[in-house]
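Take a look at the letters that make up each chain.
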Amino acid sequence: MNKQFDEAEENGEMSLSGHLRELRNRILVYVIALVAALLAGLHYAPDIVEKFLNIGAGYDYHFVYIAPQELMIQHFFVAFVFGICITFPILVYQVWAFIRPGLKKSENTLFLFAILCGLLCFCAGAAFAYKVMLPFMLYFFVTLGTGSGISAYISIQNYLSF
């Protein structure tokens, strides 16, 4: 029986255990990259949080945190989002490298084109959200309460989640 599996691997086919080993190795590479990016994100999280808070402060928002651990948890949240965004290309590459042997040349080219277009659309969407939509929405929400006599004290958790 093992002779059949050895012959299958020589013909370019891989056994189930070979596929599982390959998948495990690719997941391990991604997890290591994600942990490294999370650690880097923890280093940059205070600067990123400060940058977003300055944007809100420009629209006269006042920020508070309700629970003692809320600000620290938001730093972890920002570091997690940072890590996911930074390692997303690695994840896409690992998925592509895992399925590439099973693709035809035309499918491989189409897959790479789709990934490139998706990455460009993601970057364009993130830039649009940061430069256009975030300032517009912050201005809209701050002017919504104007004249009502209600002061807005926004929780940092709600603001950063927004």
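Check the entry above for the structure.
Here we summarise the structure given alongside this text. Note that this is a predicted model, so its numbers are computed, not measured.

Analysis parameters
In every chain, residue numbers begin from 1 and rise along the written sequence. For a predicted model such as this one, the threshold for reporting local features is a pLDDT of at least 70, and the threshold for listing and counting side-chain atom pairs is 80 or more; totals across whole chains, interfaces and linings nevertheless cover every residue. Heavy atoms throughout the structure, all of them, feed into the side-chain values; hydrogens and water do not. Axis definition: a line fit to C-alpha positions, over the contact stretch in the case of helices; interaxial angles, taken between N-to-C directions, run 0 to 180 degrees. Put simply, DSSP marks the helices as runs of H or I at least four residues long and the strands as runs of E at least two long, and each gets a number from the N terminus on. Every angle not falling under 35 degrees, over 145, or within 65 to 115 is termed oblique; those three ranges are roughly parallel, roughly antiparallel and roughly perpendicular. Any two residues having at least one pair of non-hydrogen atoms within 4.5 Å are treated as being in contact. Here the term charged refers only to Asp, Glu, Lys and Arg, the term nonpolar to Ala, Val, Leu, Ile, Met, Phe, Trp, Tyr, Cys and Pro, and the term polar to all other amino acids, Gly among them. Like charges within 9 Å and nonpolar side chains (Val, Leu, Ile, Met, Phe, Trp, Tyr) within 5 Å are joined into patches, using only residues over 30% in relative accessible area that form no salt bridge. All accessibility values rest on the Shrake-Rupley procedure with a 1.4 Å probe; residue burial counts only the protein chains present in the view. Criterion for a salt bridge: a side-chain nitrogen of Lys or Arg within 4 Å of a carboxyl oxygen of Asp or Glu. Between N or O atoms, a polar contact is any pair within 3.5 Å; within protein, one atom must be a potential hydrogen donor and the other a potential acceptor, and residues adjacent in sequence are included only when both atoms are from side chains.

### A few points about the packing of helix α3 (residues 70–99) against helix α4 (residues 105–144)
- The geometry of α3 relative to α4 is characterised by a closest axis approach of 12 Å and an angle of 170° between their N-to-C directions. One element, α3, and the other, α4, form an angle in the roughly antiparallel class. Side by side, α3 and α4 meet where C85, V92, W96 and I99 of the first sit next to N108, F111, L112, I115 and F122 of the second.
- For the contact of α3 with α4, a count of residues per class yields eight nonpolar, one polar and no charged.

### Comments concerning a nonpolar patch on the surface
- Residues L16, L20, L23, I27, V31, V35, L39, L42, M72, I73 and F76 make up a contiguous nonpolar surface patch of roughly 1000 Å² in combined accessible area.
- Elements with a minimum of two residues in the nonpolar patch: α2 (16–57) and α3.
- Tracing the chain through its elements places V35 in helix α2.

### Overview of the side chain of N108
- Tracing the chain through its elements places N108 in helix α4.
- Among the polar contacts listed, one links the side chain of N108 to the side chain of W96, at a separation of 2.7 Å.
- Residue contacts for N108: discarding those within four places in its chain leaves W96, R100 and L103.

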